[in-house]
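A structural walkthrough
Okay, here's what each chain looks like letter by letter:
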Amino acid sequence: MKSKTIIFKTANDLYDFNKEASKCKTDVRIKTASGTFDFDAKTLLGLFFALNLPSIDVFYDESETEFDEYLNNLEKDKAE
């Protein structure tokens with residue numbers, strides 16, 4: 001399992017993330033640092049809770065190379 005920490009700035013970010021996660025053949029999990037939330041990233045309703053969180057941790061299989069590249073781009077955008 002790999003993990004990355006991301007931040008959703010807008011509802012569109014959340015929707016795009018859900019669309020990319022849904023393409024994955026393996027599980028993609030969203031968790032908060034406190035462990036309060038732990039849910040499937042492919043469920044849009046669950047993701048709406050993450051919109052107001054300061055950051056979330058995304059856990060996914062290493063075989064999901066396209067999703068990993070997508071998350072790398074999110075991290076680059078965050079750094080700029």
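Residues numbered from 1 in each chain as written. Predicted model: local features only at pLDDT ≥ 70, side-chain atom pairs only at ≥ 80, totals over all residues. Heavy atoms only, no water.

The subject of this paragraph is the side chain of threonine 32. Here threonine 32 shows up in the loop between strand E2 (28–31) and strand E3 (38–40). For threonine 32, a relative accessible area of 10% corresponds to the buried category. Setting aside anything within four residues of it in sequence, one finds threonine 32 in contact with Phe37, Leu53 and Asp57. (Helix = DSSP H or I, 4+ residues; strand = E, 2+ residues; numbered from the N terminus. Buried < 20%, exposed > 50% of the residue type's maximum accessible area, 1.4 Å probe, protein only. Contact = heavy atoms within 4.5 Å.)

A few words on the environment of glutamate 64. Along the chain, glutamate 64 falls in the loop between strand E4 (56–60) and helix H3 (65–79). Residue classification places glutamate 64 among the buried residues on the basis of a relative accessible area of 11%. Dropping the residues within four chain positions of it, glutamate 64 is found in contact with Cys24, Lys25 and Thr26. At 2.8 Å, the side chain of glutamate 64 forms a polar contact with the side chain of threonine 26. (Polar contact = N/O pair within 3.5 Å; in protein donor to acceptor, adjacent residues only side chain to side chain.)

Before going further, it helps to spend a moment on the nonpolar core. In terms of nonpolar packing, the biggest core is built from 18 residues, with Phe8, Phe17, Val28, Ile30, Val58, Phe67 and Leu71 touching the most fellow members. Ignoring sequence-local partners within four residues, the contact set of phenylalanine 67 consists of Phe17, Glu20, Ala21, Cys24, Val28, Val58 and Tyr60. (Core = buried A, V, L, I, M, F, W, Y, C linked by side-chain atoms within 4.5 Å.)

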